[in-house]
Structure formats: structure tokens, C-alpha cells
Amino acid sequence: MACLLEAPLRISVLSEVTATSRHYVDRLFDPDPQKVLQGVIDMKNAVIGNNKQKANLIVLGAVPRLLYLLQQSSSSLELRTECAVVLGSLAMGTENNIKSLVDCHIIPALLQGLLCPDLIFIEACLRCLRTVFISPVTPVQLLYTDPTVIPHLMSLLSRSQRTQEYITQIFSHCCKTPEHQTVLFNHGAIQNIAPLLISPSYKVRMQALKCFSVLAYENTQVSMTLVNVLVDGALLSQVFVRMMQRDQPIEMQLTAAKCLTYMCRAGAIRTDDSCVVLKTLPCLVRMCSKEHLLEERVEGAETLAYLMEPDVELQRIASTTDHLVAMLADYFKYPSSVSAITDIKRLDHDLKHAHELRQAAFKLYASLGSNDEDIRKKITETENMMDRIVSGLSESSIKVRLAAVRCLHSLSRSVQQLRTSFHDHAVWKPLMKLLQNAPDEVLVMASSTLCNLLLEFSPSKEPILESGVIELLCTLTQSDSPALRVNGIWALMNMAFQADQKVKVEIVRCLGTEQLFRLLSDPDSNVLMKTLGLLRNLLSTRPHIDQIMSSHGKQILQAVTLILEAEHSVEVKEQTLCILANIADGNTAKEILMTNDDMLQKIKYYMGHSNVKLQLAATFCISNLIWNEEDVQAVVSSDCSPKGSQERQDKLREMGFVDILHKLTQASDPNLCDRAKTAMQQYLA
């Protein structure tokens, strides 16, 4: 019986809550304006800190009525202001509350309210707008729909410290794309916000600083402008440096360091500038120490990684600052069983976000080790580092996996590490597993790393080959992503270098001639270059050249013809001529060239080209064709008569190649001159 009574009891309690909430909503419709005002004030007091009450009022339709009252010119200013305050309080509830408010068109209503001259009402509208816009569920584009909004917000910056704080906070949260940066920049964001950096209010200074960090990020135009801005007689960079001093709040130090980092990366400040080397970099390294909160350590490490990513000198300086490489090892031990965290909420938060520390550490190690061999060695010798990377490759968080593979890729640029640490820890196994099923972003980085592991001197090359990797790489070459096509073909190119015939045959079989020639007409020049590199590596050593040309010679020469006749870069055409030079070095393959007068004319044309690289590659072709040694294997033509080097030389002489070679012996380029002389000696032998 008790069970039967339980359900009605729950219904009656819910009815009571709903009835109470209904009472608040009903009062909004009272014909007496004073009672409506009192009802809104009572509602404001009822919802403070009460998410359940907020949700009930939204469900019962309070929002449309509050917005109606807020927009009515007949409503008193006090009522309109109280409505904005209640809406702001409702917005501080759950994300579902925000979605409901946005669906009720709260943003245009509040933006319209900003046209009112009353400052207190404006501040209430801005406070509510700020709360709505900082929510991740609010579409930021709503700020930019009406082109009059941004200039009007700029004009309100001077009204009060509150308008300054709320508006700059809205800007910093709603500036997500280069287009947003441009809109804010064009409406005077820099000159309007710069003076706020010396506001007496910390909140205003902080929000203004955040604005500059999002405006400058990967934006050369903004960064170049910022570098010349004066604030109270001081350059903006000097203001940022002051904000990085140790006596400033950590949040301010970090954000100022981000501003200078972004200006530096955008090319507005030199990497060897003292404000970068002596101030920004040490500040960011300082943020990585264990005395800081988890989110500060994450942000510090990720910003530092971004700052020094392209600059080897900054990487060297950072690697010797405050034992950074060893300090980062602590990122993998946090929070530990002996952690100093006594706040249970903080401990729970950090346990849930500890993966962000690992991600940041991998990113920073990747940046540190991207160029310098000594730094890479120092990283791999850090306690359990390779084991941590291997573990990172199989973490549940996709961001950690991506950061771990970035780190691995950075370290894989080292010949020494490929031969030692990578081999000792068999990193190719988790890497291969990662390649089986991953998002494109991870696949690109993992396949780039695999390219390095397949280099000739890498001990991992053999076991990777035995794991059936060729099919996987051939699949990558069919991807819609140019980066994946490049990596797939690049890895095959590395694999084919000085490979056994068995491996080469398997590559050609698995890739298929149709796909190979499709890649030779790929619109991406990097894909084309790597495919030519693969073809060049396949066509090396005479038995391999002859075998491939006997089965695919016609298609290969067709592809080569198309490339030489089309508009391609010097690098592409040079690589193509080098393939012809390899073919010309074959025993039976060279006869395929000798019977193709059109191809010989093309070689002749490039011997007289204005570009020395192309002349040299074309001269290599002829040098191989006229080489005066007994053919390893006699080549029989259709009339069964032997065709040796003498016959080839005679034909090439008739076609005018000797005259060209003679001219090239006088060439100003020493390599071309020597190659032409070597070829001429074959005629004299």
C-alpha cells in the first residue's frame, strides 16, 4: 500500500511547486503597473540561486512576458530594468535556460534596449547580454547580424566602468573567426579598448586584455597595428610586459603573455626581441610549475608551445630555463596521492581534467623537440617518457592521442631516436593501431610519423613492412584529404627506396597502375612530387627498371609526356626528367626510350632550357643512353638484330644531341659542364 501512495505524494509536491511558480507568472499580467513591478521584484528574489525555480518559470512562460514588458515604452524605466535583471538571473541557470532565452529572441530585444539613454537600464541589459553570450550554447553570430550593433557598443564603452567590463567581455567571447576580428578592428576596437588597459578597475583591465588576445591571434593586420599603439605614453608591448610582472594576478600575467605571443607569431614582434626572450618566455615557463592551478599550467604550456613552435633559438632557450623538460614530467603525475589539494571540489575537478595536463605536456615536448637533436635526446631521457607517449597513443581522449602523436612525430625527425628509443619501445605497434581507425586530424599526424619510421635507416621499417602496411598506405592515397594523400604516397616512396623487388612489386600491385597514374595528375603539387618520387624509387636498379618498364612502360611514358608538356614547376619537371634518366639506365628499358622519338625530342628541348636544373637532368638522360659499355643483356628488336650502345650513339648524333653536348661543355655551371664532358667522352671511347 505504501508504494501506491508514493506516486500521488510526488505529484502533489510538484503541483505545489508549479502552483507557487504560476503565482509569480500570473502577477506579471496584473492590470496594475505597481503590482506588476512588485511581482517582478519578488520573482527576482525567488530565483536567486534557485535553478529549479528558474526552470519552472521558463516552462510556465515567464520569459516572453518579461521581454514584452521590457520592450514596452509604456513600462516604467524601473520595471524595464527589473525585467532585464530577472532575465539576467534566469540566464545564470543551466545551458537549457540559455537555449530557451535565445529561442525567445532575448538577444535582439536586449540589443534594442541599449538604445535607451538611461545608464542603469543599459547596464542591466548589457549584464544579461554578457551572461547569454559567454555561454557555449549561444550562437555568437547573433552579435553581428545587425551591422549597427558593434558601432553602438563601441559608443557605449565610455559610459561607465560596468559598460566597459560587460562590452569587452562580450567582444572577447564573440570574436571567434578572422571575419569577427575584421569587423571589430574596422569599428575601432583597438583605439576604443586600449585606454581601458589602465582603468582603475581590475575587471575592466582584465577584459580589455582578453579582447586584445583574441583580436591578435593569427592576425597580422591587428598585431602590426597593436605594436605602434601608445597607452598613456607607453607602447602597448611595454604595458603588456608590466602586466606580466610577478606581483600581478596570474590570470593577468598569462593573458598578457598570450597577447605578446600572438603578436610575435603574427610577425609584429621579432622572436629575439627582449620582451619575448626575457619576459614572455620566462613568464610562460613559470606558469608550468606545480605551484599553479591545473588550468594555469595547461594554458601556460600550450601558449609556450605555440610561441616557440617555428623558432629553434626560443626552443633552445626554453629547454634550459627552470629545468622545463623535467618540470613537464610532473604533468603526468597530477594529481598524485600526496597532492596538496585539500579542497575536495578542486580535487574532483582536477581528476576530471588531468588529461588536459598530459595533452599540454605532449604539445610542449613536440614544440621543444621539433628541431634540435640535443633537446630531443633530453626529452627521451626524461623518466618513462617513451612509455608515456606509447600510453598516450591509446588514451580515450582524442586530444591526448593527437598531442601524443605530435610529440612522437617531432621526436621521429631524429635519426638517433629512430635507431634507439623508437626501436627499443616498438612505438610502431601502437602507431599502426592508431592508423586503423582515427579522425583525419590524428591520421595526418600519425601517417607523417610513419613516413619517418619507414626511412631506410629506421630499424622499425622491416617489422612495419611485415605488418601489412602497404594496403593501409594505398588506401590513404585515395583520401579526399590532400594531406593524407601526400603522407600515404610519401610513406610508399620511403618504403620503395632501395627496397627488394618483392616489396616494389607488392606496392605496384596494391596501389594499381590506375591509381598511380591518377596521382600523377593530382591537382595538389605535393602529391604529384611524392608520386614522382615513388616512381623514381621504383625505377632504380636495372632489373627492377626493366621489369616495371616491360609491364607498365607505355603508361609511364604517357604520364611523363603529359607532365613535361603541362604547366608545372621546375621541381616537378626536374623530378620527371630524373625518372627518364633512371629508365635510360635500364638494360632493356632504354630501348623503349630509344624508339620513342617524341620523348627524345623533349629531352633535347630540356637540354637547351634556360633552367640549369632541367638541363642537368636532361643531360643525365642522354649520358645514360649513350653509355659505352657492353650491354648486360642484348636487346632484340622486332627484326631480331642486336642494338648496342654504338647504334644508340649514332641515332642520337643524327638527332643533334652531340652538338648540344658540345655547347654544354662550355656552360658556366660547373656541374652541367662536367656532365656534358663525361657524356662526350663516351663518343670518344
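What counts and what doesn't
Residues numbered from 1 in each chain as written. Predicted model: local features only at pLDDT ≥ 70, side-chain atom pairs only at ≥ 80, totals over all residues. Heavy atoms only, no water. Salt bridge = Lys/Arg side-chain N within 4 Å of Asp/Glu carboxyl O. Helix = DSSP H or I, 4+ residues; strand = E, 2+ residues; numbered from the N terminus. Buried < 20%, exposed > 50% of the residue type's maximum accessible area, 1.4 Å probe, protein only. 1 Å grid on protein atoms, 1.4 Å probe; cavity = no way out; pocket = protein on both sides within 12 Å on 5 of 7 lines; lining within 4 Å. Points joined across faces, edges and corners; volume = space filled by probe spheres on them. Nonpolar A, V, L, I, M, F, W, Y, C, P; charged D, E, K, R; others polar. Lys, Arg positive; Asp, Glu negative; His and termini not counted. Polar contact = N/O pair within 3.5 Å; in protein donor to acceptor, adjacent residues only side chain to side chain. Axes fitted to C-alpha atoms, helices over the stretch in contact; angles between N-to-C directions. Parallel < 35°, antiparallel > 145°, perpendicular 65-115°, else oblique. Left-handed = near helix turned anticlockwise from the far one by under 90°. Contact = heavy atoms within 4.5 Å. Arc of directions from axis to C-beta. UniProt positions renumbered as here; feature names shortened; annotations may be inferred. Expected span 1.5 Å × (residues − 1).

- You'll find the protein chain entered in an unreviewed UniProt entry as Armadillo repeat-containing protein 8, with Champsocephalus gunnari given as the organism.

## Considering the pattern of salt bridges
For side chains bearing opposite charge, pairing can occur when the charged atoms are close.
Part 1 of the argument: Tallied over the full model, the rule gives 27 salt bridges.
Part 2 of the argument: Taking the shortest distance from any N to any O, the salt bridge between Arg27 and Asp42 comes out at 2.7 Å. Note that Arg27 is positioned in helix α1 (residues 2-27) and Asp42 in helix α2 (residues 33-47), a separation of 15 residues in sequence.
Part 3 of the argument: We note a salt bridge from Arg485 to Asp522, for which the minimum N-O separation is 2.8 Å. In this pair, Arg485 sits in helix α31 (residues 482-496) while Asp522 sits in the loop between α33 (513-519) and α34 (525-538), placing the two residues 37 residues apart along the sequence.
Part 4 of the argument: Look at Arg485 and you get buried, because its relative accessible area is 11%.

## A look at the layout of surface pockets
Part 1 of the argument: Approximately 1400 Å³ is the volume attributed to the largest pocket.
Part 2 of the argument: Taken together, 43 residues form the lining of the largest pocket, with Tyr217, Tyr262, Glu302, Thr303 and Lys363 sitting closest to its centre.
Part 3 of the argument: For the lining of the largest pocket, the elements supplying multiple residues, two or more each, are α10 (161-174), α11 (178-186), α13 (202-216), α16 (250-265), α18 (294-308), α21 (344-368), α24 (398-411) and α28 (440-453).
Part 4 of the argument: At eight residues, the largest contribution of residues to the lining of the largest pocket is made by α18.
Part 5 of the argument: When grouped by side-chain class, the residues that make up the lining of the largest pocket number 15 nonpolar, twelve polar and 16 charged.
Part 6 of the argument: When its volume is computed, the second largest pocket comes out at roughly 380 Å³.

## Looking at the side chain of Asp311
Part 1 of the argument: With respect to the element layout, Asp311 can be found in the loop between α18 and α19 (312-319).
Part 2 of the argument: Despite its burial, Asp311 remains without a salt bridge, the nearest opposite charge being carried by Arg316 at 8.1 Å.
Part 3 of the argument: Here Glu313 takes part through its backbone nitrogen, which lies 3.2 Å from a polar atom of the side chain of Asp311.

## A closer look at the packing of helix α32 (residues 501-511) against helix α35 (residues 542-565)
Part 1 of the argument: Taken N-terminus to C-terminus, the directions of α32 and α35 make an angle of 25°; their axes are 11 Å apart at the nearest point. Taken together, the axis directions place α32 and α35 in an arrangement best described as roughly parallel. Crossing geometry of α32 relative to α35 is assigned as right-handed. Residues Gln501, Lys504, Val505 and Val508 of α32 form the contact with α35, whose participating residues are Pro543, His544, Gln547 and His552.
Part 2 of the argument: Within the contact of α32 with α35, the residues separate by chemical class into three nonpolar, four polar and one charged.

## Observations regarding α19
Part 1 of the argument: Taken as a whole, α19 has its buried residues at Leu314, Gln315, Ala318 and Ser319. In an axial view of α19, the angular spread of the buried residues amounts to 130°, which keeps them on one side of the axis.
Part 2 of the argument: One side-chain oxygen at the N-terminal end of α19 lies 3.2 Å from the backbone nitrogen of Glu313; it belongs to Asp311.

## Comments concerning unusual backbone geometry
Part 1 of the argument: The backbone of His105 shows a phi angle near 65°, a positive value even though the residue is not glycine.
Part 2 of the argument: Turning to its location among the elements, His105 is positioned in the loop between α6 (95-103) and α7 (106-113).

## Thoughts on the UniProt feature "repeat: ARM" (unreviewed entry) in the protein chain
Part 1 of the argument: Feature annotation in UniProt assigns "repeat: ARM" (unreviewed entry) to the following positions: residues 61-97 and 511-553.
Part 2 of the argument: The distance separating the terminal C-alpha atoms of residues 511-553 is 16 Å; by composition the span is 79% helix and 0% strand.

## As for empty space enclosed by the protein
Part 1 of the argument: By the definition in use, this model includes one cavity of 30 Å³ or more.
Part 2 of the argument: Computed from the structure, the largest cavity encloses a volume of approximately 40 Å³.
Part 3 of the argument: Val508, Thr513, Leu516, Phe517, Leu535, Leu538, Ile548, His552 and Ile556 are the residues that line the largest cavity.
Part 4 of the argument: At the level of elements, α33, α34 and α35 are the ones that each hand at least two residues to the lining of the largest cavity.
Part 5 of the argument: Its residues assigned to classes, the lining of the largest cavity shows seven nonpolar, two polar and no charged.

## Brief notes about α28
Part 1 of the argument: Spanning 14 residues, α28 covers 20 Å between terminal C-alpha atoms, matching the ideal 20 Å at 1.5 Å per step.
Part 2 of the argument: Among the 14 residues in α28, eleven count as buried, and that is most of the element.
Part 3 of the argument: Along α28, the positions that sit buried rather than exposed are Val442, Leu443, Met445, Ala446, Ser447, Ser448, Thr449, Leu450, Cys451, Asn452 and Leu453.

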